[in-house]
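The residues making up each chain are set out below.
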Amino acid sequence: MKSAVPRALRNARRIFPRASTRSSSLSSLPRLGNNRLSGTTTLTSQHRNFSATTGLRDIDEDKDRKWSTPLAKQLAAAIELTGPIPLASFMRMCLTSDIGGYYTGAIEKDRDQFGLKGDFVTSPEISQVFGELIGVWFLTEWLAQERQSRGVELIEVGPGRGTLMNDVLRTIQSFPAMANSIDAIYMVEASPELRMAQKNLLCGEDAPMTESKVGYHSVCKYNALPIVWTETIKSIPIAPQKMPFIVAHEFFDALPIHAFELVSVPASKSEAPSSTDNSSPSSKTTTPTLQWREMLVSPTPPGSTHESLKTPATQSRETPPPDFQLTRATSSTRHSLYLPESSPRFRALKSTVGPGALLEVCPDASLYASDFAARIGGSPQHPKPKPSGAALILDYGPGDGTIPTNSLRGIRKHRRVSPFAEPGLTDLSVDVDFAGIAESATKASEGVEVHGPVAQGDFLELMGIRERAEVLAKRAGEEEKGRAVEKAWRRLVDRGPGGMGKVYQALAILPENGGRRRPVGFGGDVVQ
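So, how was this worked out
Residues numbered from 1 in each chain as written. Predicted model: local features only at pLDDT ≥ 70, side-chain atom pairs only at ≥ 80, totals over all residues. Heavy atoms only, no water. Helix = DSSP H or I, 4+ residues; strand = E, 2+ residues; numbered from the N terminus. Buried < 20%, exposed > 50% of the residue type's maximum accessible area, 1.4 Å probe, protein only. Contact = heavy atoms within 4.5 Å. Areas by Shrake-Rupley, 256 points an atom, 1.4 Å probe, with all protein chains shown as cover. Pairing = 2+ DSSP bridges. Axes fitted to C-alpha atoms, helices over the stretch in contact; angles between N-to-C directions. Parallel < 35°, antiparallel > 145°, perpendicular 65-115°, else oblique. Left-handed = near helix turned anticlockwise from the far one by under 90°. Nonpolar A, V, L, I, M, F, W, Y, C, P; charged D, E, K, R; others polar. Salt bridge = Lys/Arg side-chain N within 4 Å of Asp/Glu carboxyl O. Phe/Tyr/Trp six-rings, centres within 6.5 Å; stacked < 30°, edge-to-face > 60°. Disulfide = S-S within 2.5 Å.

Visitor: Kindly report on the overall build of the protein chain, identifying the contributing residues and their values.
Guide: Of regular secondary structure, the protein chain possesses 21 helices and 17 strands. Within the protein chain, the proportion of its 528 residues that are buried is 57%. Here the analysis covers contacts within the protein chain between residues at least 6 apart in sequence; of these, 79% occur between residues at least 24 apart. Accessible surface computed for the protein chain: about 22,500 Å², of which carbon and sulfur atoms make up 52%.

Visitor: Account for the pairing of strand β2 (residues 152–157), naming residues and giving values.
Guide: Counting buried positions along β2 gives six out of six residues, so the element sits mostly inside the fold. Side chains V152, L154 and E156 project from β2 onto one buried face, and the interleaved E153, I155 and V157 project onto a second face that is buried too. Relative to strand β3 (residues 182–188), β2 runs parallel, the two sharing six bridges. Bridge pairing in β3 links V152 to I182.

Visitor: Tell me about the packing of helix α8 (residues 128–144) against helix α18 (residues 456–463), residues and numbers included.
Guide: Look at α8 against α18: their axes get within 10 Å of each other, and the N-to-C directions meet at 70°. Between α8 and α18, the crossing angle belongs to the class labelled roughly perpendicular. As α8 runs across α18, the sense of the crossing is left-handed. Between α8 and α18, the contacting residues are F130, L133, I134, V136 and W137 on the first element and Q456, F459, L460 and M463 on the second. Here the residues of the contact of α8 with α18 sort into eight nonpolar, one polar and no charged.

Visitor: Requested: an account of the pattern of salt bridges, with residues and values cited.
Guide: Per the stated rule, a full pass over the model turns up 23 salt bridges. Across the salt bridge formed by E125 and R161, the nearest N and O atoms sit 3.2 Å from each other. Of this pair, E125 sits in helix α7 (residues 123–126) while R161 sits in the loop between β2 and α9 (163–172); the two residues are 36 residues apart in sequence, bridging distant segments of the chain. On the basis of relative accessible area, E125 is assigned to the partly exposed category, the value being 28%. Looking at R161, the relative accessible area reads 25%, which means it is partly exposed. A salt bridge links E486 to R490; the nearest nitrogen and oxygen atoms lie 3.0 Å apart. In this pair, E486 and R490 both sit in helix α20 (residues 479–493), four residues apart, roughly one turn of the helix. Here E486 falls in the partly exposed class, since its relative accessible area comes to 38%. With a relative accessible area of 40%, R490 lands in the partly exposed category. The structure contains a network of salt bridges with shared partners spanning E132, D167, R170 and R468.

Visitor: Give a description of the sheet that holds strand β5 (residues 216–219) that names residues and reports values.
Guide: In sheet architecture, strand pairing relies on hydrogen bonds along the backbone and comes in two forms, parallel and antiparallel. What the nine strands build is an open sheet, ordered β4-β5-β6-β3-β2-β7-β12-β17-β16; its pairing is mixed. Only two strands of the sheet have a single partner each, and these edge strands are β4 (210–211) and β16 (448–455). Against the sheet, helix α11 (residues 192–203) touches β3, β5 and β6 (226–230), its axis set at about 170° to β6. The strands that α18 touches are β12 (390–396), β16 and β17 (504–511); relative to β16, the one it contacts most, it runs at about 100°.

Visitor: Residues and numbers for helix α6 (residues 87–96), please.
Guide: Burial analysis of α6 places 10 of its 10 residues in the buried class, which makes it a mostly covered element. What α6 keeps buried is the set L87, A88, S89, F90, M91, R92, M93, C94, L95 and T96.

Visitor: So what's going on with the packing of aromatic side chains? Which residues, and what values?
Guide: Under the criterion given, the structure shown has 13 aromatic pairs. Centroid distance Y102 to Y103: 4.7 Å. Interplanar angle 90°. Geometry classified as edge-to-face. For the pair formed by Y102 and Y103, the shared burial category is buried. Centre to centre, the rings of W137 and F138 are 5.8 Å apart; their planes meet at 65°, and the pair counts as edge-to-face. Just as W137 is buried, F138 falls in that class too.

Visitor: Tell me about unusual backbone geometry, residues and numbers included.
Guide: Note the cis peptide between G452 and P453, where omega equals 10°. Tracing the backbone through its elements, the reader meets P453 in strand β16. Phi is positive for N406, close to 50°, though the residue is something other than glycine. Tracing the chain through its elements places N406 in the loop between β12 and β13 (409–412). Here the phi dihedral of E422 falls at roughly 50°; this positive angle occurs in a residue that is not glycine.

Visitor: Provide a residue-level description of the sheet that holds strand β14 (residues 415–417), including the pertinent values.
Guide: Spatially, β14-β13-β15 is the arrangement adopted by the three strands of the open sheet, whose pairing is antiparallel. Taken across any chain shown, the strands that pair with only one partner, and hence form the sheet edges, are β14 and β15 (427–429). Neighbour-to-neighbour, the strand axes of the sheet open up by a mean angle of 40°, direction not taken into account. Of the strand pairs in this sheet, β13 and β15 are connected by three bridges, and their pairing is antiparallel. Residue pairing for β15: G410 is matched across the bridge by L428.

Visitor: A description of the state of the cysteines should follow, citing residues and the corresponding values.
Guide: Evaluation of the coordinates by the stated rule reveals zero disulfides. With no disulfide of its own, C220 lies closest to C203 among cysteine sulfurs, the gap being 5.6 Å. The exposure class of C220 is buried, given its relative accessible area of 4%.

Okay, structure coming up:
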């Protein structure tokens, strides 16, 4: 028995590293697909109040419980020691753990998350025109920013198979002046399998890949440009003379979130907590107050079924019953004391909604948006005399400034499933808080401004997707291939209920110019 405790502690440390190191493990989540848009898990329907002793007793009653995946077993063992964990920690490990994580620790041979044989399909896989128009958008920004002859960097976070970057580079080759201005390509990717897939596509299967302290290196088949793969965007140097063009396509939706619920706390005697009192001092009040409570993840009771857990009808019940569930903390946590107070938009919920208000906060999204802004517009830590470059973010989420709630979803084999079923085999995603990204970017750098979000359908139409697709359809020759081209581009701009053209949004971060110039696709024209 003595040896079991250190082993469990080691597992807990592997699964829940120190908070200061967690952001780096997230830096390269690959991309996800529109199939994940349907179906969310309802935070309010399944949660229950939780005490540490109850959770430990549930696990202790069933030491021989059969978990659905190796990662589920590791998570349960760690929770037995630490108590319920934040939703962000659960998402992080499900997607990027080396113990059977969805992207970085695959437990199925020759696993491919993308395409018809995988779990979802992405826009670049649907039509090559999507990536071509992203390349054209970068070209228009390069033209508008005085056509810098050198120092251009192309950066993609979460590159998936590399399809998008391949289409971007192929398009830019038609414009030699810009193609010759590119110094390097950076791909932020944590998955070894996806890194290799990207290298094979962009460099060739026979191209060597070397490793350094920065990351992995190879040479692109386009203009023999150097490509560098890093596990975190922080590994990419920031230099004032560089002009970075950054694309994040379906990346932010995979970043872990913290979820909260606003509750009314009755008046209680103000006492110093005892040595056995787990409540936060802030939970002790002499007058009724509104306080945020964090939604935590704990194991489901042994012997649970889809019926006993009330799995929503919108989620497939062909998977094993969920191993985990959401619970609401009985007192304040360090996250609930800080994150809901980090933005005026969040703080306003206390007065505009009141008890029962729900909130999702993604700290990593703020970190990435701030990094993008610093590279483009400079920051106190990285001064940049003349802002340059651009970032284009395409993802799904509310485009009207609404704060996402109840948006966690799970997808497996193109079906909606519980996000708490089969950890490591189920893709997880959430709605993106575009207003939060804009707020973080402009706060991080005075040298940037934000445009959008605009609906993807509008963005692609303004970029000329219809005209480009018509050209491809004519070149296809065969009538059937022409119809396939048309079907693909129309799917990308579909504005019907749940359509990609309506649900997906585009947001741009540009050098600050007082709003005098709007970018192409956001109401602006090409600058000659």
